[in-house]
Every structure is written in C-alpha cells, then in structure tokens.
Amino acid sequence: MLRSVGTSRNITTSRRVVAVMRLQGDLPTADKHQRRSGCALLLDAKGVLWATSLLECLTRFCFVISPTLLTNLESCTDAQPRMSATVRNPFQHIVEPLDLNDPKQQFYNLSKLGDPRYARLPFSIRVLLESAVRNCDEFLVKRSDVESILNWKQTQTQTVEVPFRPARVILQDFTGVPAVVDFAAMRDAVTKLGGDPEKINPVCPADLVIDHSIQVDFNRKSDSLHKNQDLEFDRNRERFQFLKWGSKAFKNLRIIPPGSGIVHQVNLEYLARVVFNQDGFFYPDSLVGTDSHTTMIDGLGVLGWGVGGIEAEAVMLGQPISMVLPEVVGYKLSGKPDKFITSTDIVLTVTKHLRQVGVVGKFVEFFGPGVAQLSIADRATIANMCPEYGATAAFFPVDDVSIQYLKQTGREAEKQAYITKYLKAVAMFRDYTDVAQDPDFTTVVELDLTTVVPCCSGPKRPQDRIAVSNMKTDFEACLGAKQGFKGFQVAQKHHNTVVPFHFNGSEYFLSHGSVVIAAITSCTNTSNPSVMLGAGLLAKKAIECGLSVKPYIKTSLSPGSGVVTSYLKESGVMEYLSQLGFEVVGYGCMTCIGNSGPLPVPVVEAITQGELVAAGILSGNRNFEGRVHPNTRANYLASPPLVIAYAIAGTVKIDFENEPIAVNCEGKAIFLRDIWPTREEIQAVERTFVIPSMFKEVYEKIDQKVNKRWEALDAPSDKLYTWDPKSTYIKSPPFFDGLTKKLQPPKSIHDACVLLSLGDSVTTDHISPAGNIARNSSAARYLTNRGLNSRDYNSYGSRRGNDAVMARGTFANIRLFNKFINKQAPQTIHLPTGETMDVFDAAERYQQAGIPLMVLAGKEYGSGSSRDWAAKGPFLLGIMAVVAESYERIHRSNLVGMGVIPLQYLAGDTADSLGLTGRERYTIIMPEQLTPRMIVDVKLDTGKTFQARMRFDTDVELAYFRHGGILNYMIRKMS
C-alpha cells in the first residue's frame, strides 16, 4: 500500500527505486521543471511514492526517458530495480501469417492499421513506423511514438523525438577495433562495480568487416596483391588476433576476415537481408553502421545510415536510437542519361545539387520514372555519397529491379519470394512509374538525367563538382586563387614551374597538375559493374591504340569484392588493366581512406623541390586535404574510366574535348572520345559476365577460407581480455578510470583556454587522421620510445585500439589550418607562454596546469567520416567544449557521447562578429536544470559575455552528458 506522496528532492541514493510510472498529466505538487519535462512517480522499496520529473528519473535513477520514450534501466543506487510486469504489444491485433499455409511465420500488417495517413507516408518513414509498431511495449516504445510517426506530415517540423531499433549493426575495422576495445574495457569496469561482465554483449546481429587495414605498398606487379596482404597481416597481426578474440568472447558478433572486400560492397552483395525472417516474424532489414557510407545500402531499399562508434556500441547493447523525426526531401529523377554518362557523373551532380538545396539532418527519398533507368549498383553509388551531400539517409524503396539484383547476386529464390510478398503486403514495394504511389514529401526537388555531363569533383571537397570540359581552366584558376577549398595561392611567376627527375633510368618532368596517384578504389564505384567494366573496356581500347601510363604514376586497382575480379577476368578486360598498371593491389578501402602507401622517392623529391601542386585522381568519395596522400595537394574524385584517362594523360591540366589524351608511338593523336565505351557496350558485357554463380562462389568461403592466415590465427577465448602492457596496438582506455556508481553533477567550465582556433569545414580527418604517422609527430616519438622504428609505425587508423597513440594523433593532420599560427601545420600556440608546439604537447601542458580547454570553429565542424576518435581524442586532450557555427550530424553525436559540450553560435554570430580572438579565457556556468537545445551564457575574462546554444538535442543526450558520456551511462546501467 502506498503510504505517502512526497517530492524527489527528499530521495536519497540509498533508497531503492523499484517501479516507475509516467503520468499523463501534471501532479498538483509538480514544480515548474516537472511540468515542462513531464512527471513520474517513483515507488521505493519501503512503499513510499515520490513525485519527480521524467528528466530526473533519467539522470539520477538511470531511467531512460524523453518526451516520447521511457526505458526502464537499472538504478544507479545500491540495488537493481525491475519492472514487475511486461506489457502486451497493443498492436498485436494486426499480426497475421504472411502465408496461410505457414501460420507460424507472421508479420505486423501495417495496412491493417486502418489509418489513411499510412499510405501517404514516405517509404523510409514507413520503415521507422514498422519498427515502432513491432517493438511497442508501452515502455521502451509507446503508442504515442507510433502516433507521432503516423502523423509525420505534421510532426516532421516539430522536433519530435522517436525511438528506432535497427535490426542490425555493421562495422569496419578502423572503427570496429575501438568498439571492441571499449566493450572489453566496459566488461572490466562492470566487473569492478560488481556486475556481470557478460551483460556487455551485442543483443542484435553485428558484422565487422576487416577492410581498412591494407595499404598500397606494392603496385603494378602481378604479385602486388599477395605482397600487400602479407604485409597487412604482419603489421596488424595483433589487431586481428584481438578481433578474433572478440568474435569468440561476444555473441552475435561476426568478423568478416581481411581480404573479403570493402564493407559496404560485402553488405550489398552478401549481408543485406532486405527483409528479416527471424523468431517467427518478417520485418524490414535496417541498420546503423560505424562508417558514414553505411548509407550505400539504402540503394537496395534497406534503410541505414552512419552513426558514431560510441552510439553504435549502445545500439549493440540494446539501446534504441533516440532520433528526431526527420523531414524527407523527395528527389525526383526523370529522363534517361546520355550513353556516355556514368553513375559517378550522376552522383557527383546529385551531391552538388543537394548541397545547394540543404539536406543536413534530413532523409532524401528518390522517386520518379528516372529511377527505373538506374541499376541497383547505380542507386547504391548515389546512396553511398549521402554523407557528402549532408543527408542522414538516401533511400531507394525496393522495386522489381531490386529483386532482380537479389537474383543476380545469388540470393535464394525462396528469399526473393518472401521479400516480395512481405513488402507488397505492407505497401513498401515500389513501382517508380506509378505516380499514384508517390507519397507526401516535405519538399520535392528534381533532376533531369539528360542534363548530366561527365564530371569530377575537387580539388579538396567532394561537393565541388567540375565538368570534365572545364577541368583544365578550373585547375589553373585554383592554382593562383587564395588558399581555400578552391585555391592554392601559388604565385603567378611559379605557375609554369617544371621539375625534371629520373625514374628507372629515364628522365621525366613534373609540373603543377601532374598526376602522381591514379587509383580505382572505394566502395562508391568498385561495387558497380557498369563503371568497372567501363574502365576495363576503356583500357582495352587504349592498349589497342598504343597508349600507356607513365611508370612513375602510382596506379592501383582495389576491388570491393572478389566478384569484381572474377567478372573483369571472365570478360577479358583484366589483362588490359594490368598492362596500364592497374593491377589488383588488395580488397579493401585503400587509397580513399589514405592507405595509398609511399610514392617513389624521386617523385616526392621533385614535388618538394618545385613546391608543386601534384594531383591524385581516384574513384573514391573523399578528397579532403591531407587524406589521400601528403604530397598530393589536389585530389579529384572521378569515375573509374576517367581515372584511367587522366592517368594516361598524366595531368589534370587537359581539355579532353579539344586536346588529345596522348600521342601514340606512331605519332597519331588519340582523343578520349576515340576510346570511351558507350553505356550499351558496357551493359552487353555486364549481362554476359556478371552472373549469380560468381557471387555464390566468392561468398561461400567468406567466413574463413578467404584468408588462410586468418583461419590459422590463434586467439584466446576468455570472457575478459588480458591486456598486454607492451602492446602498441591494443590498450585498455582510460575512459572509465575512477568511475563510480554514484552520479556526479555536471561541472561548469571555468577560465578555459582555447587550444585551437579553426575555420570552416574542419573534417574528422583534420581532427583525427587515419593515414600514415609522420616521423616528426608526437605519436611517432611515443612509438619510437616504445622501441619501434619508422617502418613499423603503420597508420593512425590501424592504431585506434591504443588511446596513447590516438591522443597524440589528435589534430595531427599536416593540412590543419590553425588561425593562431596562420598556416597549415599540426601545431598551436601555448597561450600562457606564447610557444608554438605540437597540439598534443600544448594540451599536455594545459592539463598539467589544470586548465580546461575549448576549441573555436566555423561551419560544418566535424564533416567527413564518422570517426569516434575525432571525439575521443579531444576528450583525452582535456577539451571540454567546442564552439562552432554548425556541426556535422555524426560528429556532434560523438561529442555528446564523450561528454564534450557542443556549443553553437546563435544565428548571425561568428567568432569574428563577436570579436573573439581565441586568446581570452572562457567560463560556461552549467545551469542546475538542463533542457535540450537551451541557450547558455559564455563569459570571457575581458568582461564580455555572449550566448550560445547547447547542442544536446534530446533528453537522452542530456542524460548521456550528465553521466559523462554514453559509455559511462551504459556501464552504470549494467552494474
């Protein structure tokens, strides 16, 4: 019996909370904050009923709540509360068998909701709705959440928060290793707090594909693949052994061995279910991934997007994603592309267009008759570059072309049948030519595919599209333009610099715009038979015309899976690619991630001597400064055929329409149009040689047989990992040192110094580079002191399991532009002394003096890859807050996940407009009552005060912050 009602102010942490109930209205005794955030009743073990706010349930007693979400977690007190009863799904009445002859295989028939709003929802929102309906228990997911999604047309602009439970999680090894490290460390922390370590375990399927570790150390030789793979294994044996331990220690975690392919292509060709058939229910496949290009799977009609590694870990542990219901931009495709146009040309055009439209934080859903003209590979290419145009997801609903792709890639006929039947039953199967199926969208934009022209993007950003016909003039303009995204600030008198050098006994010449890297690489294009076969056919015609690629150019071909190699060989074009130097060098994300390997020494010396703006040309999705290679200041994204074309030309300073690509040994001028294959030629070869048996043969052996060294690798099977203190790859992180069950109140920031003053579009590559470790860096000094020589440094990406290396690698990109020193360098000024030093060394001094740190930044802070170390690293440097004009979605989430405060200038304010030099001392007083997106005062030691918005966008994010980050939150939950 309830004995009394009091207020939560009287609850002490010694009381054990045994039940919680959310109230529909206010309590008469509720204070102002309780009325604003919602009220709840807490029942303690002595039968006393307490009134409190929902936010306090979350932050003091570890109950996850939001305006629409209440999740019962374990109490942060001295005992563990449980809900006394389970609630039956209120939508059980719409459950029915998909096939009357098999009544045990059921589904939630959304068409039986009897709500006309369902038929008007975008198809992507229908996936969110199905998840909410299926998981509705009036606790984790409530009927009100279902109503909010059904009412999307009104709620899309109201910042309504809803829960989403993805069906699975996907990871790659650069982001997957730190996730498994965190899991191992969390097991240790839970054990120390008296909990069961095996509670730290994925509860949904999680696949980790090892694809980011291989580098282009060898190229142009037939044995390059095997040499690179052997070196990959030698360098990363310790990491791989750790991952193999993880596959044994954690349930639901599958490791796809090195050499299998690029994560997103493996996902598309093999891992994607499209529709799950599990535990007696059919439901849509959906996922989140720790790579921003997870969106590639949207091209197959599987809703997915990239999240930070920290957020993915929470999903793996059973936490739903708390997301703001997004607006959905309808992107209408019409017309048919010209016969010379590639899918790369289309996606670069779409990227620039949607950047101009502005789709950050929104879903994009494609529709219109033009979609029917695109293959799944074409659609996947467009979906892949979703992060480059800023959207959360880029969705192509399933249609007949999707089912045909499942057949082509060897999926069983039975699966194809139930996928089709289920999606039609729930009105998620699309006919792009049927206007009656077009749903409501927030807004509609259109692209006529007949207007697309051959193009590239660069020299520093993927959204800066350039028509191929304008490449020469654009590069020449960039050469002399002011330093920036489209400028290198080379003095006019140096524009025609030519540097001679010798390579393999012959003399060659380099100048500005000379191509030194040409790589067919990256998930964006290598999964697409049309552009890969197009490159092969162009190579064939080039060889037949007597053309070649200069031997000093670092050429490479890194297919997304073994299937690509199979159809290139079977179609007879592989031999021509090899003759041009495009030998297979590995199966993984290589040059695009910065694993381009070394350039020939004479080439590097010539570039350095002439201070040349040398060029890289790659079929990737990222070309940020310092990412591809330190010596290629200009990097252009292009289709695989254009990669070969520019390699043959040897320069980006060429007008292919009016200048020959080369002159052959007979003195004949050959133009690009003479060797360019048409779409019809490519499709004819694709129909003949891209067949289901290839996919079956490759993926039947993917788990072990693809890599004998992986299969033979021995790994421990203990539930707790035994850390090796001598390891420079795997190290227990300090994130949970000193963690207690008792929650500490959030601390204000007093007299913080600014570590860095940055401009616009600072990428996660600038913050936490993935490429090679420079010999003069803080990380290199650390590794040298541990007994390593420079050839064993490997890359930052490969060492993400070691916090000591990664902290030293934070802001270590050589192309980082810090306003304090007014040049590109991984350095800053230690303000108290005025000394210029490496960023890590300055941060270490500040920490020793007990001085908190901040970063000032401009627009799009944290754009680029979903890189959790771009948040973990700053946290370890002692950075407590970032003040920026705007944030990339995933990076802001990662900052929140690490307990770093993301502050945003109010509209119209910038560091310049407020007169901030960064040399001031900053104080931020944290209010006792925090609310999402609240405005706080930032006080300077000069006496000036300005306001900024605190970008904790939901109540759940506020809870993570109060706990010091999402991982601390999860540990307290599990202890």
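Details of the structure are given in the entry above.
Residues numbered from 1 in each chain as written. Predicted model: local features only at pLDDT ≥ 70, side-chain atom pairs only at ≥ 80, totals over all residues. Heavy atoms only, no water.

(A) How the structure looks around the overall build of the chain. Along the backbone of the chain there are 33 helices and 42 strands. In terms of C-alpha radius of gyration, the chain reaches 28 Å, essentially the compact-globule figure of 30 Å for 975 residues. Each principal axis of the C-alpha atoms in the chain carries an extent, and together these give about 100 × 80 × 55 Å. Considering the chain as a whole, with its 975 residues, one finds that 65% of them fall into the buried category. Long-range contacts, defined here as pairs at least 24 residues apart, represent 74% of the contacts in the chain between residues at least 6 apart. Surface summary for the chain: the accessible area is close to 34,200 Å², and the carbon and sulfur share equals 49%. (Helix = DSSP H or I, 4+ residues; strand = E, 2+ residues; numbered from the N terminus. Rg over C-alpha atoms; globule rule 2.2 N^0.38 Å. Buried < 20%, exposed > 50% of the residue type's maximum accessible area, 1.4 Å probe, protein only. Contact = heavy atoms within 4.5 Å. Areas by Shrake-Rupley, 256 points an atom, 1.4 Å probe, with all protein chains shown as cover.)

(B) Examining the packing of aromatic side chains more closely. Inspection of every chain in the model, using the stated rule, returns 30 aromatic pairs. Between Phe735 and Phe736, the ring centres sit 6.3 Å apart and the planes meet at 75°, which makes this aromatic pair edge-to-face. Per residue, the accessibility class of Phe735 equals that of Phe736, and both read buried. Ring pairs connect the aromatic residues Phe183, Phe242, Trp245, Phe250, Tyr721 and Trp723, which therefore count as one cluster. Above the face of the Phe123 ring, Arg126 is positioned so that its terminal group lies 4.1 Å from the ring centre. (Phe/Tyr/Trp six-rings, centres within 6.5 Å; stacked < 30°, edge-to-face > 60°. Lys NZ or Arg CZ within 6 Å of the ring centre and 35° of its normal.)

(C) Structural context of the environment of Met323. Structurally, the position occupied by Met323 is in strand β17 (residues 321-324). As a C-alpha pair, Met323 and Ala842 span 519 residues in sequence and 37 Å in three-dimensional space.

(D) Fine view of the pairing of strand β42 (residues 945-950). Two strands pair when backbone bridges link them, and strand β39 (residues 901-905) and β42 are joined in this way by three bridges, in the antiparallel orientation. Across the sheet, Tyr905 pairs through a bridge with Ala948, a residue of β42. Both strand β41 (residues 935-940) and β42 contribute to a ladder of five bridges, which runs antiparallel. Pairing of Asp937 across the sheet is with Gln947, part of β42. (Pairing = 2+ DSSP bridges.)

(E) The arrangement of the side chain of Asp378 in detail. As for its position among the elements, Asp378 is in helix α11 (residues 376-384). A relative accessible area of 4% means that Asp378 is categorised as buried. At 3.3 Å, the side chain of Asp378 forms a polar contact with the side chain of Arg679. Not counting the four nearest positions on each side in its chain, Asp378 is found in contact with Ser343, Asn528, Ser530 and Arg679. (Polar contact = N/O pair within 3.5 Å; in protein donor to acceptor, adjacent residues only side chain to side chain.)

(F) Main features of the state of the cysteines. Within this structure, the stated rule accounts for zero disulfides. Here Cys478 stays unpaired: no disulfide links it, and the sulfur of Cys456, its closest cysteine neighbor, is 13 Å away. (Disulfide = S-S within 2.5 Å.)

(G) Representation of the packing of helix α17 (residues 529-544) against helix α21 (residues 640-649) within the structure. α21 packs onto α17 with a crossing angle of 30° between their chain directions and a minimal axis gap of 7 Å. When the axes of α17 and α21 are compared, the pair comes out roughly parallel. On α21, the residues touching Val531, Met532, Gly534, Ala535, Leu538, Ala539 and Ala542 of α17 are Pro640, Pro641, Ile644, Ala645 and Ile648. A breakdown of the residues in the contact of α17 with α21 according to their chemical character gives eleven nonpolar, one polar and no charged. (Axes fitted to C-alpha atoms, helices over the stretch in contact; angles between N-to-C directions. Parallel < 35°, antiparallel > 145°, perpendicular 65-115°, else oblique. Nonpolar A, V, L, I, M, F, W, Y, C, P; charged D, E, K, R; others polar.)

(H) Expanded view of the nonpolar core. Within the largest apolar cluster, 307 residues are counted, with the highest numbers of intra-cluster contacts made by Phe366, Tyr646, Ile661, Phe811 and Tyr861. When residues no more than four places from it in sequence are discounted, the contact partners of Phe366 are Tyr331, Leu333, Val350, Val371, Ile382, Tyr389, Ala394, Phe395, Phe396, Pro397 and Tyr432. Counting eleven residues, the second largest nonpolar core, distinct from the first, contains Ile773, Ala780, Tyr782 and Leu788. (Core = buried A, V, L, I, M, F, W, Y, C linked by side-chain atoms within 4.5 Å.)

(I) Structural detail: the pattern of salt bridges. One pass over the structure, following the stated rule, counts 38 salt bridges. Between Arg679 and Asp378 there is a salt bridge; the shortest N-O distance is 3.3 Å. Of this pair, Arg679 sits in helix α23 (residues 679-689) while Asp378 is found in helix α11, placing the two residues 301 residues apart along the sequence. For the pair formed by Arg679 and Asp378, the shared burial category is buried. Residues Asp438 and Arg430 are paired through a salt bridge, measuring 2.5 Å at the closest nitrogen-oxygen approach. Accessibility assignment for this pair places Asp438 and Arg430 in one class, buried. Residues joined in a network through salt bridges with shared partners are Arg892, Arg933, Arg951, Asp953 and Glu957. (Salt bridge = Lys/Arg side-chain N within 4 Å of Asp/Glu carboxyl O.)

(J) Examining the sheet that holds strand β38 (residues 879-884) more closely. Ordered by their spatial adjacency, seven strands build a closed barrel running β32-β37-β38-β39-β42-β41-β40, and the pairing between neighbours is mixed. Neighbour-to-neighbour, the strand axes of this sheet turn through a mean angle of 40°, independent of strand direction. Running over the sheet, helix α29 (residues 839-848) touches β32 (749-757) and β37 (853-856) and is turned about 170° from β32.

(K) Quick peek at the pairing of strand β18 (residues 328-334). Counting buried residues in β18 gives six out of seven residues, a clear majority hidden from the surface. Pairing of β18 with strand β19 (residues 363-367) involves five bridges; the strand directions are parallel. If you follow Lys332 over to β19, its bridge partner there is Phe367. What joins β18 to β19 is helix α10 (residues 343-357), and the crossover it makes is right-handed. Relative to strand β21 (residues 443-448), β18 runs parallel, the two sharing six bridges. Counterpart to Gly330 in the pairing with β21 is Val444. (Right-handed = clockwise from strand over helix to strand, strands pointing away.)

(L) Inspection of helix α9 (residues 309-316) at higher detail. Within α9, eight of the eight residues are buried, which leaves it mostly tucked inside the rest of the structure. Taken together, the buried positions of α9 are Gly309, Ile310, Glu311, Ala312, Glu313, Ala314, Val315 and Met316. Just downstream of α9, Gly318 is the residue with a positive phi angle, here 105°.

(M) Examining the sheet that holds β18 more closely. If you walk across this open sheet you meet the four strands as β20-β19-β18-β21, and the pairing is parallel. Bordering the open sheet on either side are β20 (393-395) and β21, each of which pairs with just one other strand. For this sheet, the mean angle separating the axes of adjacent strands, direction not counted, is 25°. Strand direction decides the pairing type here: β19 and β20, joined by three bridges, are parallel. Directly across from Val364, in β20, lies its bridge partner Ala394. Its contacts with the sheet place helix α3 (residues 123-134) against β18, β19 and β20, and it is angled at close to 125° to β19.

(N) Structural detail: unusual backbone geometry. Residue Pro459 is bonded to the preceding Gly458 through a cis peptide linkage, with omega at 10°. Although it is not a glycine, Ser761 adopts a positive phi angle of roughly 50°. Note on placement: Ser761 falls in the loop between β32 and α26 (764-767). The exposure class assigned to Ser761 is buried, which follows from its relative accessible area of 7%. For Arg933, which is not glycine, the phi dihedral falls at a positive 60°.

(O) Region of the structure containing the environment of Lys352. Of note, Lys352 is situated in helix α10. For Lys352, a relative accessible area of 28% translates into the label partly exposed. Spatially, the C-alpha atoms of Lys352 and Ile466 are 9.7 Å apart, while their sequence positions differ by 114 residues. Setting aside residues up to four positions removed in sequence, Lys352 forms contacts with Gln463 and Arg465.

(P) Highlighting helix α24 (residues 692-699). Those residues of α24 not exposed but buried are Met694, Phe695, Val698 and Tyr699. Taken down its axis, α24 places every buried residue within 110° of arc, on the same side. Residues of α24 that are buried make contact with α8 (263-271), α13 (400-408), α18 (562-570) and α23. (Arc of directions from axis to C-beta.)

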